[in-house]
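# Analysis of the macromolecular model
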Amino acid sequence: ASRRKCEELMLDGLVTVDGEVVTRLGTKVDPRTAVIRVSGKRLPPLTEHVYLMLNKPTGVVSTMSDPEGRRSLDDVLRESRGRVPGERLFHVGRLDTDTSGLLLLTNDGDFAHRMAHPSYEVDKTYVAEVEGDVGKHVVQQLLDGVTLEDGPVTCSEVRVVAHARAKSIVEQLLD
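As the structure is a computational prediction, the values presented were derived from the model and not from experiment.

### Some points on the nonpolar core
Membership of the largest hydrophobic core is limited to 12 residues, which are Val50, Leu52, Leu54, Val60, Met64, Leu73, Val76, Leu77, Leu89, Leu95, Leu103 and Leu105. Elements represented by at least two residues in this core include exactly strand 5 (51-56), helix 2 (73-81) and strand 7 (101-106). Looking at this core, the element that brings in the most residues is helix 2, giving three residues. The residues touching Val76, leaving out its near neighbours within four places in the chain, are Leu54, Pro57, Val60 and Arg71. One finds Val134, Val139, Val153 and Cys155 within the second-largest nonpolar core, a separate group that totals eight residues.

Put into C-alpha cells, the structure is as follows:
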C-alpha cells in the first residue's frame, strides 16, 4: 500500500506487530523477524531469497539469456512479472526448447545446486505426450536406461498414463 494508506490502516487500529496493535506512526520493526498482520492477515516475512515456479512455454530455451537471440527464461519473466533490476536467478534443471513444463527459478544458489546435482538424489517426475503407442518394450527400454546428448538417464518408474489418437502420455520418475 502507499505510505498514506499504511498510515490510515495504523490509525484505524488494523495493524498489529507481534500481537500488539500499533497506532503510533513511525514505529520501527524488523520485518524479517516481526509477525505483522493487517486486518488479521499476516504479511509474509521478508526473505533475501526468491523462489519462482515457471510454466516454460514451448519455443523458449532453458537459459536466462541466449547469445543466439532466441526467447529465453528471462524474456518470459519480463513479460509476466516484470524484472527486478540486478536480480540474478538460476534455473533448476532444464527442459528442451520444444518442451513445455515446470521449471524452478531462484536466486538461492545453494538450493538450486541441492535440487539439481545428482549427488543429492532428488527424484524428478516427467510427464510427456509422445507420438505413437508406447508399449511394454519401450517402457522396459526406459527402465534399462537411455543415453541423451548430455549423458545417460535412468528411470526408477515408468507408466503409461493414457493412449489417445496415436499418442501416449508417459510418466517417468527419474533417479
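### Here's the deal with the packing of aromatic side chains
All chains considered together, the criterion is met by one aromatic pair. With 5.2 Å between their ring centres and 85 degrees between their planes, Tyr51 and Phe111 make a pair best called edge-to-face. Of this pair, Tyr51 sits in strand 5 while Phe111 sits in helix 3 (residues 109-116), placing them 60 residues apart in sequence.

### As for the side chain of Ser72
Here Ser72 shows up in the loop between strand 5 and helix 2. On the accessibility criterion, Ser72 (3% relative accessible area) is buried. Only 3.2 Å separates the side chain of Ser72 from the backbone oxygen of Met64, close enough to count as a polar contact. Contacts of Ser72, omitting those with residues within four sequence positions, involve Val60, Val61, Thr63, Met64, Ser65 and Asp66.

Definitions and limits used
- The residue count restarts for each chain, going from 1 along the sequence in the order it is written.
- Residues qualify for local features only when their pLDDT is at least 70, as the model is predicted, and side-chain atom pairs are given and counted only at 80 or more; totals for whole chains, interfaces and linings, by contrast, use all residues.
- Hydrogens and water molecules were not included; the side-chain quantities draw on all heavy atoms of the structure.
- Think of a nonpolar core as a cluster: buried Ala, Val, Leu, Ile, Met, Phe, Trp, Tyr and Cys residues, connected wherever their side-chain atoms sit within 4.5 Å.
- Throughout this description, buried means an accessible area under 20% of the type-specific maximum (1.4 Å probe, protein chains only), exposed means over 50%, and partly exposed covers the range between.
- Starting at the N terminus, helices and strands are each numbered in turn, a helix being any DSSP run of H or I of at least four residues and a strand any DSSP run of E of at least two.
- Residue contacts are counted whenever heavy atoms from the two residues lie within 4.5 Å of one another.
- Two rings from Phe, Tyr or Trp (for Trp, the six-membered ring) form a pair when their centres are within 6.5 Å of each other. A pair whose planes differ by under 30 degrees is stacked, one over 60 is edge-to-face, and the rest are tilted.
- Two N or O atoms count as a polar contact when they lie within 3.5 Å, although within protein this holds only if one can serve as hydrogen donor and the other as acceptor, and sequence-adjacent residues are included solely when both atoms are side-chain atoms.

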